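Overview (structure and organization)
The residues making up each chain are set out below.
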Amino acid sequence: MDLKGAVVVVTGGARGIGRGIVEAFAGEGADVVIGDLLGVADLAAAAAETAAAAEALGVRALTVDVDVRDEAQCQALVSTALDRFGRLDVVCANAGVISLSPVAELSVDEWDRVMDVNAKGVFLTCKAAVPHFTAQRHGCFVNTASIAGKRGSAGAAHYGASKFAVVGFTQALAMEMGPFGVRANSVCPGYLGTSMWLNDILATRQAAGEDVSEVFERMSEKRVPLGRPQTPADIGQAAVYLARADNVTGIALNVAGGLEVW
(Lines give C-alpha, C1' and ligand atoms only; values in the text may rest on other atoms or scores of the structure.)
Protein backbone atom coordinates (compact mmCIF):
# COMPACT_ATOMS: atom_id res chain seq x y z
CA MET A 1 0.00 0.00 0.00
CA ASP A 2 1.27 3.45 -0.93
CA LEU A 3 0.61 5.54 2.15
CA LYS A 4 1.18 8.94 0.59
CA GLY A 5 -2.25 10.53 0.35
CA ALA A 6 -3.91 7.66 2.21
CA VAL A 7 -6.36 8.36 5.03
CA VAL A 8 -5.85 6.67 8.38
CA VAL A 9 -8.20 6.60 11.37
CA VAL A 10 -6.61 6.07 14.79
CA THR A 11 -8.75 5.66 17.90
CA GLY A 12 -7.15 6.57 21.19
CA GLY A 13 -4.98 8.74 18.98
CA ALA A 14 -4.47 11.70 21.28
CA ARG A 15 -1.46 10.45 23.20
CA GLY A 16 0.76 7.49 24.01
CA ILE A 17 0.74 4.66 21.50
CA GLY A 18 -1.99 6.40 19.52
CA ARG A 19 0.16 9.47 19.00
CA GLY A 20 3.07 7.26 17.94
CA ILE A 21 0.84 5.63 15.31
CA VAL A 22 -0.50 8.99 14.10
CA GLU A 23 2.97 10.46 13.72
CA ALA A 24 4.31 7.37 11.96
CA PHE A 25 1.59 7.47 9.31
CA ALA A 26 1.83 11.24 8.96
CA GLY A 27 5.56 10.83 8.38
CA GLU A 28 4.70 8.60 5.44
CA GLY A 29 2.43 11.25 3.92
CA ALA A 30 -0.94 9.92 5.12
CA ASP A 31 -3.73 12.19 6.34
CA VAL A 32 -4.89 11.24 9.82
CA VAL A 33 -8.15 11.22 11.74
CA ILE A 34 -7.57 11.22 15.49
CA GLY A 35 -10.47 9.74 17.43
CA ASP A 36 -10.55 10.22 21.19
CA LEU A 37 -12.63 11.42 24.13
CA LEU A 38 -12.46 15.12 23.34
CA GLY A 39 -14.92 15.91 26.12
CA VAL A 40 -12.08 15.17 28.57
CA ALA A 41 -9.99 18.31 28.82
CA ASP A 42 -6.52 16.76 28.95
CA LEU A 43 -7.33 14.40 26.08
CA ALA A 44 -8.71 17.26 23.98
CA ALA A 45 -5.50 19.22 24.55
CA ALA A 46 -3.36 16.18 23.75
CA ALA A 47 -5.36 15.51 20.57
CA ALA A 48 -4.84 19.09 19.42
CA GLU A 49 -1.08 18.76 20.02
CA THR A 50 -0.96 15.47 18.12
CA ALA A 51 -2.91 16.97 15.21
CA ALA A 52 -0.52 19.93 15.11
CA ALA A 53 2.47 17.57 15.10
CA ALA A 54 0.97 15.66 12.17
CA GLU A 55 0.21 18.84 10.22
CA ALA A 56 3.78 19.99 10.77
CA LEU A 57 4.78 16.96 8.68
CA GLY A 58 2.75 18.33 5.78
CA VAL A 59 -0.44 16.28 6.01
CA ARG A 60 -4.01 17.01 7.01
CA ALA A 61 -5.21 16.07 10.49
CA LEU A 62 -8.67 15.99 12.00
CA THR A 63 -9.75 15.32 15.59
CA VAL A 64 -13.08 13.61 16.24
CA ASP A 65 -14.84 13.03 19.56
CA VAL A 66 -15.59 9.31 19.91
CA ASP A 67 -16.36 6.85 22.66
CA VAL A 68 -15.50 3.49 21.10
CA ARG A 69 -18.02 1.73 23.33
CA ASP A 70 -20.81 3.41 21.36
CA GLU A 71 -21.68 1.95 17.95
CA ALA A 72 -23.25 5.15 16.62
CA GLN A 73 -20.17 7.16 17.52
CA CYS A 74 -17.88 4.65 15.79
CA GLN A 75 -20.08 4.83 12.68
CA ALA A 76 -19.90 8.63 12.84
CA LEU A 77 -16.11 8.51 13.12
CA VAL A 78 -15.82 6.58 9.86
CA SER A 79 -18.44 8.74 8.14
CA THR A 80 -16.62 11.90 9.20
CA ALA A 81 -13.34 10.62 7.80
CA LEU A 82 -15.02 9.86 4.47
CA ASP A 83 -16.94 13.14 4.37
CA ARG A 84 -13.91 15.30 5.15
CA PHE A 85 -11.17 13.47 3.24
CA GLY A 86 -13.10 11.51 0.62
CA ARG A 87 -11.43 8.17 1.29
CA LEU A 88 -10.42 5.72 3.99
CA ASP A 89 -7.55 3.26 3.73
CA VAL A 90 -6.41 2.19 7.20
CA VAL A 91 -8.23 1.84 10.51
CA CYS A 92 -6.15 1.51 13.68
CA ALA A 93 -8.38 0.45 16.57
CA ASN A 94 -6.05 1.46 19.36
CA ALA A 95 -8.14 2.90 22.20
CA GLY A 96 -7.60 1.01 25.44
CA VAL A 97 -7.63 1.09 29.22
CA ILE A 98 -5.91 -0.93 31.91
CA SER A 99 -6.09 -1.78 35.59
CA LEU A 100 -4.69 -4.49 37.80
CA SER A 101 -6.52 -6.68 40.26
CA PRO A 102 -6.44 -10.32 41.37
CA VAL A 103 -9.53 -12.22 40.26
CA ALA A 104 -10.77 -12.58 43.85
CA GLU A 105 -10.95 -8.79 44.18
CA LEU A 106 -11.95 -7.92 40.60
CA SER A 107 -15.36 -6.28 40.41
CA VAL A 108 -17.85 -7.01 37.67
CA ASP A 109 -17.93 -3.29 36.87
CA GLU A 110 -14.18 -3.16 36.30
CA TRP A 111 -14.25 -6.35 34.20
CA ASP A 112 -16.98 -4.77 32.07
CA ARG A 113 -15.15 -1.43 31.75
CA VAL A 114 -11.94 -3.00 30.46
CA MET A 115 -13.71 -5.44 28.15
CA ASP A 116 -16.02 -2.74 26.79
CA VAL A 117 -13.20 -0.43 25.74
CA ASN A 118 -10.51 -2.93 24.77
CA ALA A 119 -12.58 -5.64 23.10
CA LYS A 120 -15.98 -4.22 22.18
CA GLY A 121 -14.33 -0.95 21.16
CA VAL A 122 -12.11 -2.73 18.64
CA PHE A 123 -15.11 -4.67 17.30
CA LEU A 124 -17.27 -1.56 16.87
CA THR A 125 -14.48 0.50 15.31
CA CYS A 126 -13.68 -2.20 12.77
CA LYS A 127 -17.33 -3.01 12.09
CA ALA A 128 -17.96 0.62 11.16
CA ALA A 129 -15.36 0.44 8.38
CA VAL A 130 -16.20 -3.04 7.05
CA PRO A 131 -18.90 -1.95 4.54
CA HIS A 132 -16.64 0.71 3.03
CA PHE A 133 -13.60 -1.56 2.80
CA THR A 134 -15.71 -4.36 1.34
CA ALA A 135 -17.15 -2.08 -1.34
CA GLN A 136 -13.81 -0.60 -2.38
CA ARG A 137 -12.07 -3.99 -2.14
CA HIS A 138 -9.04 -2.72 -0.31
CA GLY A 139 -8.18 -1.49 3.13
CA CYS A 140 -6.31 -2.51 6.25
CA PHE A 141 -7.08 -2.91 9.93
CA VAL A 142 -4.29 -2.61 12.51
CA ASN A 143 -5.62 -3.35 15.98
CA THR A 144 -3.69 -2.78 19.19
CA ALA A 145 -3.51 -5.91 21.32
CA SER A 146 -0.64 -6.71 23.73
CA ILE A 147 1.78 -9.47 24.56
CA ALA A 148 -0.64 -9.89 27.49
CA GLY A 149 -3.04 -11.10 24.79
CA LYS A 150 -0.85 -14.12 24.13
CA ARG A 151 0.00 -15.22 27.65
CA GLY A 152 -1.97 -14.38 30.75
CA SER A 153 -0.41 -12.67 33.74
CA ALA A 154 -1.44 -12.78 37.40
CA GLY A 155 -3.29 -9.69 38.44
CA ALA A 156 -4.34 -8.82 34.90
CA ALA A 157 -6.96 -11.44 34.01
CA HIS A 158 -9.45 -8.88 32.71
CA TYR A 159 -6.83 -6.94 30.74
CA GLY A 160 -5.35 -10.13 29.29
CA ALA A 161 -8.79 -11.46 28.41
CA SER A 162 -9.59 -8.27 26.53
CA LYS A 163 -6.35 -8.44 24.55
CA PHE A 164 -6.73 -12.18 23.81
CA ALA A 165 -10.12 -11.15 22.41
CA VAL A 166 -8.48 -8.56 20.14
CA VAL A 167 -6.07 -11.15 18.75
CA GLY A 168 -8.83 -13.69 18.09
CA PHE A 169 -11.23 -11.14 16.65
CA THR A 170 -8.55 -9.82 14.32
CA GLN A 171 -7.68 -13.30 13.07
CA ALA A 172 -11.35 -13.97 12.30
CA LEU A 173 -11.73 -10.58 10.62
CA ALA A 174 -8.71 -11.34 8.41
CA MET A 175 -10.35 -14.56 7.23
CA GLU A 176 -13.68 -12.87 6.53
CA MET A 177 -12.22 -9.88 4.71
CA GLY A 178 -9.48 -11.64 2.76
CA PRO A 179 -11.72 -12.42 -0.25
CA PHE A 180 -12.32 -8.67 -0.60
CA GLY A 181 -8.63 -7.79 -0.63
CA VAL A 182 -8.81 -6.36 2.89
CA ARG A 183 -6.24 -7.26 5.55
CA ALA A 184 -6.42 -7.29 9.35
CA ASN A 185 -3.52 -7.61 11.78
CA SER A 186 -2.84 -6.81 15.39
CA VAL A 187 0.24 -5.37 17.03
CA CYS A 188 1.28 -6.56 20.49
CA PRO A 189 3.27 -4.01 22.50
CA GLY A 190 5.35 -4.91 25.53
CA TYR A 191 6.42 -2.27 28.07
CA LEU A 192 5.86 1.39 27.22
CA GLY A 193 6.39 4.43 29.41
CA THR A 194 2.95 5.82 28.62
CA SER A 195 0.47 7.39 31.02
CA MET A 196 -1.28 4.01 31.33
CA TRP A 197 1.86 2.27 32.51
CA LEU A 198 3.33 4.99 34.69
CA ASN A 199 0.13 6.26 36.29
CA ASP A 200 -2.20 3.27 36.22
CA ILE A 201 0.24 0.48 37.03
CA LEU A 202 3.60 1.48 38.44
CA ALA A 203 2.43 4.40 40.57
CA THR A 204 0.70 1.85 42.79
CA ARG A 205 3.81 -0.31 43.06
CA GLN A 206 6.66 2.13 43.71
CA ALA A 207 8.30 2.36 47.11
CA ALA A 208 8.16 5.59 49.07
CA GLY A 209 10.45 8.20 47.55
CA GLU A 210 11.02 6.29 44.31
CA ASP A 211 10.58 7.98 40.96
CA VAL A 212 8.08 6.01 38.89
CA SER A 213 10.09 6.56 35.70
CA GLU A 214 13.17 5.07 37.33
CA VAL A 215 11.15 2.05 38.46
CA PHE A 216 9.95 1.59 34.89
CA GLU A 217 13.43 1.86 33.39
CA ARG A 218 14.86 -0.58 35.90
CA MET A 219 12.08 -3.08 35.27
CA SER A 220 12.58 -2.81 31.50
CA GLU A 221 16.33 -3.28 31.70
CA LYS A 222 15.88 -6.38 33.85
CA ARG A 223 13.02 -8.09 31.98
CA VAL A 224 13.27 -7.06 28.31
CA PRO A 225 15.93 -9.03 26.36
CA LEU A 226 16.92 -5.94 24.35
CA GLY A 227 17.28 -4.04 27.58
CA ARG A 228 14.97 -1.13 26.89
CA PRO A 229 11.27 -0.37 26.95
CA GLN A 230 9.26 0.08 23.80
CA THR A 231 8.21 3.52 22.61
CA PRO A 232 5.11 4.84 20.83
CA ALA A 233 7.35 5.34 17.80
CA ASP A 234 8.22 1.62 17.84
CA ILE A 235 4.53 0.73 17.70
CA GLY A 236 3.91 3.31 14.99
CA GLN A 237 6.71 1.78 12.91
CA ALA A 238 5.07 -1.64 13.23
CA ALA A 239 1.65 -0.25 12.29
CA VAL A 240 3.10 1.31 9.14
CA TYR A 241 4.75 -2.00 8.25
CA LEU A 242 1.48 -3.89 8.67
CA ALA A 243 -0.35 -1.33 6.54
CA ARG A 244 2.20 -1.73 3.75
CA ALA A 245 2.75 -5.48 3.86
CA ASP A 246 0.30 -6.54 1.16
CA ASN A 247 0.66 -10.28 1.78
CA VAL A 248 0.49 -10.20 5.57
CA THR A 249 -2.84 -10.72 7.30
CA GLY A 250 -4.15 -12.38 10.45
CA ILE A 251 -0.93 -12.04 12.46
CA ALA A 252 -0.33 -10.70 15.96
CA LEU A 253 3.06 -8.97 15.74
CA ASN A 254 5.06 -8.63 18.95
CA VAL A 255 6.86 -5.33 19.42
CA ALA A 256 8.32 -6.07 22.80
CA GLY A 257 12.10 -6.25 22.56
CA GLY A 258 11.98 -10.05 22.85
CA LEU A 259 9.74 -9.99 25.92
CA GLU A 260 7.25 -12.84 25.96
CA VAL A 261 5.62 -12.59 29.40
CA TRP A 262 3.95 -9.28 30.22
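Residues numbered from 1 in each chain as written. Predicted model: local features only at pLDDT ≥ 70, side-chain atom pairs only at ≥ 80, totals over all residues. Heavy atoms only, no water.

1. As for the nonpolar core
Looking at soluble globular proteins, one finds that nonpolar side chains tend to be buried together. Convention followed: Put simply, a nonpolar core is a bunch of buried Ala, Val, Leu, Ile, Met, Phe, Trp, Tyr and Cys residues held in one set by side-chain atoms that sit within 4.5 Å of each other. Remark: exposure states derive from per-residue accessible area (1.4 Å probe, protein chains only) relative to the maximum for the residue type, with buried under 20%, exposed over 50%, and partly exposed in between. Put simply, DSSP marks the helices as runs of H or I at least four residues long and the strands as runs of E at least two long, and each gets a number from the N terminus on. By definition in these notes, contact holds between two residues if any of their heavy atoms fall within 4.5 Å.
Core analysis: the biggest nonpolar cluster contains 43 residues, and V9, V33, L88, V91, A129, F133 and F141 have the highest contact counts within it. Listing elements by their share of this core, those giving two or more residues are β1 (7–11), β3 (61–65), α3 (71–85), β4 (90–93), α4 (108–136), α5 (157–177), β6 (182–189) and α7 (212–223). Counting residues per element, this core draws most heavily on α4, which supplies eight residues. The contacts of L88, once residues within four sequence positions are left out, are V7, V9, V78, L82, A129, H132, F133 and Q136. Counting residues in hydrophobic clusters, the runner-up holds 36 residues, among them I21, A51, V187 and A238.

2. Remarks on the packing of aromatic side chains
Selection rule: Each Phe, Tyr or Trp ring (for Trp, its six-membered ring) is paired with any other whose centre lies within 6.5 Å, and the angle between the two planes then decides the class: stacked below 30 degrees, edge-to-face above 60, tilted in between.
Across all of its chains, the model carries two aromatic pairs by this definition. Ring geometry for F123 versus F169: centroids 6.1 Å apart, planes at 80 degrees, classification edge-to-face. Here the residue F123 occupies a position in helix α4, and F169 occupies one in helix α5, the gap between them amounting to 46 residues. Accessibility expressed as a relative area gives 25% for F169, which makes it partly exposed.

3. Notes on α5
As a reminder, the rule being used: A helix is expected to span 1.5 Å for every residue after the first.
An ideal rise of 1.5 Å per residue puts 30 Å on 21 residues; α5 measures up with 30 Å between its terminal C-alpha atoms. Taken as a whole, α5 has its buried residues at H158, Y159, G160, S162, K163, V166, V167, T170, L173, A174 and M177. The secondary structure elements touched by the buried residues of α5 are α4, β5 (139–144), β6 and β7 (252–255).

4. A word on the sheet that holds β1
Strand pairing in a sheet takes place through backbone hydrogen bonds and is either antiparallel or parallel in direction. Stated precisely, the cut-off is as follows: Between any two strands, pairing holds if DSSP finds at least two bridges. Only the stretch in contact is used when a helix axis is fitted, and all axes are lines through C-alpha atoms; the angle between N-to-C directions ranges over 0 to 180 degrees.
As summarised here, the arrangement of the seven strands in space is β3-β2-β1-β4-β5-β6-β7, forming an open sheet in which the pairing is parallel. Among the strands making up the open sheet, the edge pair consists of β3 and β7. Across the sheet, the axes of successive neighbouring strands diverge by a mean angle of 20 degrees, strand direction being ignored. As paired strands, strand β2 (residues 31–36) and β3 are joined by five bridges and run parallel to one another. By the bridge assignment, G35 is partnered in β3 with V64. Contacting β5, β6 and β7, α5 runs over the sheet at an angle of about 160 degrees to β6. Sheet strands touched by helix α8 (residues 232–244): β4, β5, β6 and β7. Its angle to β6, the strand with the most contacts, is close to 160 degrees.

5. Quick word on the packing of α4 against α5
Put simply, the rule is: Note on angle classes: values under 35 degrees are labelled roughly parallel, values over 145 roughly antiparallel, values of 65 to 115 roughly perpendicular, and the remainder oblique. Each crossing gets its hand from how the near helix is turned against the far one by less than a right angle, where anticlockwise is left-handed and clockwise is right-handed.
Where α4 contacts α5, the axes come no closer than 8 Å and their chain directions differ by 15 degrees. As judged from the angle between their axes, α4 and α5 are roughly parallel. Note on packing geometry: the crossing formed by α4 with α5 is right-handed. Every residue of α5 that contacts α4 at E110, W111, V114, M115, N118, A119, V122, F123, C126, V130, F133 and T134 is listed here: A157, H158, Y159, A161, S162, K163, A165, V166, F169, L173 and M177.

6. As for the pairing of β5
Along any regular strand, the residues point their side chains to alternate faces of the sheet. To keep things clear, this is the line we draw: When the strands point away from the viewer, a crossover counts as right-handed if the path from the first strand over the helix to the second runs clockwise.
Here β5 lies mainly inside the structure; six of its six residues are buried. Side chains G139, F141 and N143 project from β5 onto one buried face, and the interleaved C140, V142 and T144 project onto a second face that is buried too. Here four bridges tie β4 to β5, and the two strands are oriented parallel to one another. Each bridged residue has a counterpart across the sheet, and for C92 the counterpart in β5 is V142. Between β4 and its parallel partner β5, the chain crosses via α4, and the hand of that crossover is right-handed.

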